[in-house]
Amino acid sequence: MADQVVDIAVVPVAGRGTRLLPMTKSQPKEMLPVGRKPVVQYVVEELVRCGIKRFLFITGPGKTAIENHFDLNPELIQMLRETGKEELLRELAFERAAVDYFYTRQRRQLGLGHAVLCAEPMVDGQPFVVALGDSIIGLQAQSDIVARMIAVFETEKADAVIAFETVPREDVIYYGIAEPEKNWDTNGHFFALKGIIEKPSPETAPSCLAVAARYVFSPVIFTHLKHTKPGKGEEIQLTDAIQRLIESGGKVLGMRLPEGERRFDIGNFESYFRAFVEFALADEEYGEGLREYIKHLMR
Ligand code: UTP
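Residues numbered from 1 in each chain as written. Predicted model: local features only at pLDDT ≥ 70, side-chain atom pairs only at ≥ 80, totals over all residues. Heavy atoms only, no water.

Engineer: Which residues make up unusual backbone geometry, and what values go with them?
Structural biologist: Note the cis peptide between Leu21 and Pro22, where omega equals 5°. Phi at Lys157 is positive, roughly 50°, even though this residue is not glycine. Tracing the backbone shows Lys157 in the loop between helix 6 (145–155) and strand 8 (160–166). Classification of Lys157 as exposed rests on a relative accessible area of 68%. Even without being glycine, Ala213 reaches a positive phi, approximately 70°. Note on placement: Ala213 falls in strand 11 (residues 209–217). (Helix = DSSP H or I, 4+ residues; strand = E, 2+ residues; numbered from the N terminus. Buried < 20%, exposed > 50% of the residue type's maximum accessible area, 1.4 Å probe, protein only.)

Shown next, in the form of structure tokens:
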């Protein structure tokens, strides 16, 4: 099989995470635990399984814990060996994934679109994945949606492929929402986008298909990002740049997360708590006991 062309992922982690204060006062929301691991480790493990070899984190103030997390830590490994805790070494196996990590700073938090634009000098004219560092796809991140998006991107010669999930109509106000063409491809894998709009009102939303934190882009998106003015929340919105790409004749496709696969958004307390409980319940060692405990609490 030919090598996958898209092997670099841009992971924006520079946001302030104000909706999770005070937890995020001095630690990145992308490092919050969900079950046993920090959010961003799930993101990286998902993408490694999808063939990504290079990670470019767009970081900001207070985010050095993320860099530390992906460093090799020989002292810790030696200490575990010397103190007879060899069984814990498997918890550090992720450190040895055969991938490269790069970091650059978003020097002003001007929005997700601006964070992606910071990747341009590093991405250097190649297609790339964008994966939000605060969102896990699928329980225990067991999703291969990005691999399937890359395959469609390559075979369809698309300019962008975006993951979507259906949300309740009252929730469209939180997301980028698709205006899909009516026809799906013959296999029902993907659809073309006529438009995309950031946080519409439930009355005007063109659908209930919400962007699900994963994208594949050709580098042409940078041209559109450079011309995108601040939009909702005075931030440079990635959604607005995608709309410009569509208006300029770009081929933008959407793919729905499959049945049973969800986006776990670690951006607000409600969805963070739900994600933590669900991942903890799925824990091989403690899930069953926790289930009993919760049943006991609910009596
Ligand atoms: P959010 O839209 O959740 O924004 O970011 P936020 O600033 O992190 O959080 P709140 O609204 O203050 O609570 C979605 C993703 O985009 C990144 C975030 O780190 C997160 O992974 N992001 C957002 C940036 O990298 N830079 C930005 O300027 C904004």
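Engineer: For the site of the ligand, give the residues involved together with the corresponding values.
Structural biologist: With respect to spatial proximity, 18 residues lie near the ligand, and among them Gly15, Thr18, Arg19, Glu30 and Gln106 are the closest. At 3.3 Å from an oxygen atom of the ligand is found a main-chain nitrogen or oxygen belonging to Gly17. Against a free-state accessible area of 570 Å², the protein chains account for coverage of 85% of the ligand. By residue class, the composition of the shell around the ligand is six nonpolar, seven polar and five charged. (Near = heavy atom within 4 Å. Polar contact = N/O pair within 3.5 Å; in protein donor to acceptor, adjacent residues only side chain to side chain. Areas by Shrake-Rupley, 256 points an atom, 1.4 Å probe, with all protein chains shown as cover. Nonpolar A, V, L, I, M, F, W, Y, C, P; charged D, E, K, R; others polar.)

Engineer: Can you explain the nonpolar core? Please cite residues and give values.
Structural biologist: Leu47, Phe55, Phe57, Phe70, Val129, Val161 and Val216 are the most contacted members of the largest nonpolar core, which has 40 residues in total. Contact partners of Phe55, with chain neighbours within four places excluded, come to Ala9, Val11, Val44, Leu47, Val48, Val99, Asp100, Tyr101 and Phe102. Residues Ala115, Ala119, Val123 and Val211 belong to the second largest nonpolar core, which totals 34 residues. (Core = buried A, V, L, I, M, F, W, Y, C linked by side-chain atoms within 4.5 Å. Contact = heavy atoms within 4.5 Å.)

Engineer: Residue-level account of the pattern of salt bridges, with values.
Structural biologist: All chains considered together, the criterion is met by 16 salt bridges. A salt bridge links Arg36 to Glu285; its shortest N-O distance comes to 3.0 Å. In this pair, Arg36 is assigned in the loop between strand 2 (33–34) and strand 3 (37–38) and Glu285 in the loop between helix 9 (269–281) and helix 10 (287–298), connecting sequence segments 249 residues apart. Taking relative accessible area as the criterion, Arg36 reaches 46% and is therefore assigned partly exposed. The closest approach of N and O atoms between Asp144 and Arg148, which form a salt bridge, is 3.0 Å. Looking at Asp144, the relative accessible area reads 40%, which means it is partly exposed. Connected through shared salt-bridge partners, Arg36, Asp283 and Glu285 make up one network. (Salt bridge = Lys/Arg side-chain N within 4 Å of Asp/Glu carboxyl O.)

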